[in-house]
Amino acid sequence: MSLTELEQHVYAYYVATDAAQFSAAPRFYPHGELTLIFADKVQVATRKFGRPVHSKAKAAAVALVDRLIEVGAYSTKQNEFGGSMHQFQEPAYKAFLKAERESDPILVQAEAEGPEFWEAAFARLSA
């Protein structure tokens, strides 16, 4: 992931919170549409931290979509026009969330420090 520190925290915050409620229709989506879907969800999840934080939603969403495709949480097929389409795979998505929560250093720190971690981190990073 080539995200700034603030973007990494936005990504981690979404994975730690609202990502667990995500579900998708069992159809194929192009990468751009997935990015828009997740950018909207990340922006909504982080808007309480202010504009400097929720304005990083698109970068976090692109990284998240790429990672979900990489780990198989979205299967990939090539369409007849040479593009790729992706379909949600719920079991792989849940496994991804569990693995991220256990291995991402930001998420591990947030879990150890409690809910006030996010307020302090976003205040520091967006100052």
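Along each chain, residues carry numbers from 1 onward, in the same order as the chain's sequence is written. Local features in this predicted model are restricted to residues of pLDDT 70 or higher, and side-chain atom pairs are both shown and tallied only at a pLDDT of 80 or more, whereas totals for entire chains, interfaces and linings draw on every residue. Here the side-chain values reflect all heavy atoms present in the structure, with hydrogen atoms and water set aside.

Student: In this structure, what is going on with the packing of aromatic side chains? I would like to understand it.
Tutor: Any two aromatic rings considered together are summarised by their centre-to-centre distance and by the angle between their planes. Ring pairs shown here join Phe, Tyr and Trp side chains whose ring centres sit within 6.5 Å, with only the six-membered ring taken for Trp; geometry is labelled stacked below 30 degrees between planes, edge-to-face above 60, and tilted in between. On inspection of all chains with the given rule, the structure shows 12 aromatic pairs. Every member of this aromatic cluster is reached through a ring pair, and the members are Y14, F22, F38, Y74, F88 and Y93. Two limits define a charge over a ring: the Lys NZ or Arg CZ must be within 6 Å of the ring centre, and within 35 degrees of the ring normal. Between the NZ or CZ atom of K77 and the centre of the ring of F28, over which it lies, the distance is 4.6 Å.

Student: Would you mind going over the environment of R47 with me for this structure?
Tutor: Here a helix means four or more residues in a row that DSSP labels H or I, a strand means two or more in a row labelled E, and each is numbered from the N terminus. Locating R47 in the fold gives a position in the loop between α2 (31-46) and α3 (51-54). When a residue's accessible area, from a 1.4 Å probe over protein chains only, is under 20% of the maximum for its type it is buried; when over 50% it is exposed; and in between it is partly exposed. Exposure remark for R47: the relative accessible area of 55% places this residue in the exposed category. The spatial distance from the C-alpha of R47 to the C-alpha of H86 is 28 Å, given a sequence separation of 39 residues.

Student: Looking at this structure, I do not really get helix α4 (residues 57-70). What am I missing?
Tutor: Each full turn of the α-helix corresponds to 3.6 residues, which orients residues three or four apart in the same direction. Expected span of a helix, by definition, is 1.5 Å for each gap between consecutive residues, and there is one gap fewer than residues. Compared with the 20 Å implied by 1.5 Å per residue over 14 residues, the 20 Å span of α4 between its first and last C-alpha is a close match. Looking at the packing, one finds that the buried side of α4 touches α1 (5-16), α2, α3, β2 (74-78) and α5 (90-103). Any pair of residues with heavy atoms lying within 4.5 Å of one another is described as a contacting pair.

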